[in-house]
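Listed below are the residues making up each chain.
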Amino acid sequence: MNARVARVGWSRGLWGRRAASSHGEPPPDAVDVAELLRDASSAEEGAQEAVARRPPARCSVLLFPGQGSQAVGMGGGLLGFPRVRQLYEAAHRVLGYDLLELCLRGPQEDLDRTVHCQPAVFVASLAAVEKLHYLQPAVIENCVAAAGFSVGEFAALVFAGAMEFSEGLYAVKVRAEAMQEASEAVPSGMLSVLGQRQSNFTFACMEAQEHCKSLGIENPVCQVSNYLFPDCRVISGHLEALQFLRKNSAKYHFRRTKMLPVSGGFHTCLMEPAVEPLVRILDTIDIKKPLVAVHSNVSGHKYMHPQHIRKLLGQQVVSPVKWEQTMHSIYKRKKGTEFPSTFEVGPGRQLGSILKSCNGQAWKSYSHVDVMQTSMEPDHQGP
């Protein structure tokens, strides 16, 4: 990927102003804010340049985390790097509240709310890209693929130039508000399950649904919502179904279960009310073909064209996150072929842990770009 294109791709037309949303069409930009990345005016010249083939070991992959990775203090380690404060100032205009203040000082319970944590993770991840670009510009230049977990997929698409920062953040804002509203309509949640080879997740979910029906719950929901790594899944649905699975974990050969700190049964049909508001906003956004391959949560494969992005981002809210499949798609290669360097950009190291379980060889070249402390180089996690 051309260095100039990469540097500007995720920030093209970056800084627009958006007012508070009510699931309606975003208002027009009210102010002009200077583009903060150099060479923006000439970025398009190199957009069509052929990219020379590089050895795999010189290439890089960026992974963007999702909801659940947030923590009070995130962003504090990024403020000393160029343009990061302006990034949060632009976010303030889009969101209508001081996101940086919330990230730095909390309280945690406010940051954990879906309506806040999704924009917070989105902005912190792109701020981490700024840090990575400052410290290791070659990583951005040599990026060949990106993927984001759930809301992280929006950050990956903005990084890759598929949508502008302000439009992407506004879509995340509407998505978060709609998902928060949907989660409050039905008592639901998400259960992380570490199983075994003999674990039958589908059968367990069916029996949990039958249990809910015996309690008088109509149309109960209990299904796999995240494919993380072999034998590890996240199951979403009615709280009664998840409680049933925890109580009967031995029967289904579950080694460990843990309720996740989220407000609802995401990536299931319980989020159906959130689809229409998001789709309506996506229809107003000028989505472009990504400058690097971005992989979809819905299919695990890379997006092919803008309409593909628009369609699958709407489906993603009610579809399982196929992260394990995505990791296989990105890192599949002939035996003996070297792996690219992988950088997790954003709060937490969960995606690195998952990568280690999916592909131990690829994980050896994994690093994390810290958003909590002002470290001057990415934190290498491999052996």
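Predicted model, so just to flag it, every value in this text is computed and none were measured.

Asks: What am I meant to see in the packing of aromatic side chains here?
Replies: Any aromatic ring pair is given by two values, namely how distant the centres are and how the planes are angled relative to each other. Applying the stated criterion across every chain yields a total of eight aromatic pairs. Taken together, a centroid distance of 6.3 Å and an interplanar angle of 70° make the contact between F203 and Y252 edge-to-face. Pair noted here: F203 is in helix α9 (residues 201-214) and Y252 is in the loop between α10 (239-247) and β6 (256-259), with a separation of 49 residues, a long-range link. When its relative accessible area of 3% is taken as the criterion, Y252 is described as buried. When the centroid spacing of 6.5 Å and the interplanar angle of 50° are considered together, the rings of F244 and Y252 count as tilted. The structure contains a cluster of three or more aromatic residues connected by ring pairs, namely F201, F203, F244, Y252 and F254.

Asks: Sorry, what's going on with the pattern of salt bridges here?
Replies: Where charged atoms from two side chains of opposite charge come close, those side chains can pair. As enumerated under the stated definition, the model contains eight salt bridges in all. Between K213 and E210 there is a salt bridge, with the nearest N and O atoms lying 3.5 Å from each other. Placement of the pair is K213 and E210 together in helix α9, with a separation of three residues, close to one helical turn. Residue class for K213 comes out partly exposed when judged on its relative accessible area of 48%. Since its relative accessible area comes to 48%, E210 is described here as partly exposed. With a closest N to O distance of 2.6 Å, K288 and D286 form a salt bridge. Under the relative-accessibility criterion, K288 is labelled partly exposed at 29%.

Asks: Is there a simple way to explain the sheet that holds strand β8 (residues 321-322) in this structure?
Replies: What holds strands together in a sheet is hydrogen bonding between their backbones, with the strands either parallel or antiparallel. The strand order β6-β3-β5-β4-β8 describes an open sheet built from five strands, whose pairing is mixed. With one partner strand each, in any of the chains shown, β6 and β8 form the two edges of the open sheet. Sitting on the sheet, α9 is in contact with β3 (188-194), β4 (222-229) and β5 (232-238), with an inclination near 150° to β4.

Asks: When you look at the packing of helix α13 (residues 323-331) against helix α14 (residues 350-358) in this model, what are you seeing that I'm missing?
Replies: Between α13 and α14, the shortest axis-to-axis distance is 10 Å and the interhelical angle comes to 70°. The pairing of α13 with α14 is recorded here as roughly perpendicular in orientation. Here α13 and α14 pass one another in a crossing that is right-handed. Across from W323, E324, M327, H328 and Y331 in α13, the residues of α14 making contact are L351, I354, L355 and C358. Looking at the contact of α13 with α14 residue by residue, the classes come out as seven nonpolar, one polar and one charged.

Asks: I tried to follow the state of the cysteines on my own but got confused; where do I start?
Replies: In protein structure, a disulfide is the covalent linkage between the sulfur atoms of two cysteines. Across all of its chains, the model carries zero disulfides by this definition. The cysteine C143 is free of any disulfide, with C59 supplying the nearest cysteine sulfur at 9.1 Å. The thiol of C232 is not disulfide-bonded; the next cysteine sulfur, from C358, is found 9.3 Å away. A relative accessible area of 5% places C232 in the buried class.

Each value, and the rule that gives it
- Residues numbered from 1 in each chain as written.
- Predicted model: local features only at pLDDT ≥ 70, side-chain atom pairs only at ≥ 80, totals over all residues.
- Heavy atoms only, no water.
- Phe/Tyr/Trp six-rings, centres within 6.5 Å; stacked < 30°, edge-to-face > 60°.
- Helix = DSSP H or I, 4+ residues; strand = E, 2+ residues; numbered from the N terminus.
- Buried < 20%, exposed > 50% of the residue type's maximum accessible area, 1.4 Å probe, protein only.
- Salt bridge = Lys/Arg side-chain N within 4 Å of Asp/Glu carboxyl O.
- Pairing = 2+ DSSP bridges.
- Contact = heavy atoms within 4.5 Å.
- Axes fitted to C-alpha atoms, helices over the stretch in contact; angles between N-to-C directions.
- Parallel < 35°, antiparallel > 145°, perpendicular 65-115°, else oblique.
- Left-handed = near helix turned anticlockwise from the far one by under 90°.
- Nonpolar A, V, L, I, M, F, W, Y, C, P; charged D, E, K, R; others polar.
- Disulfide = S-S within 2.5 Å.

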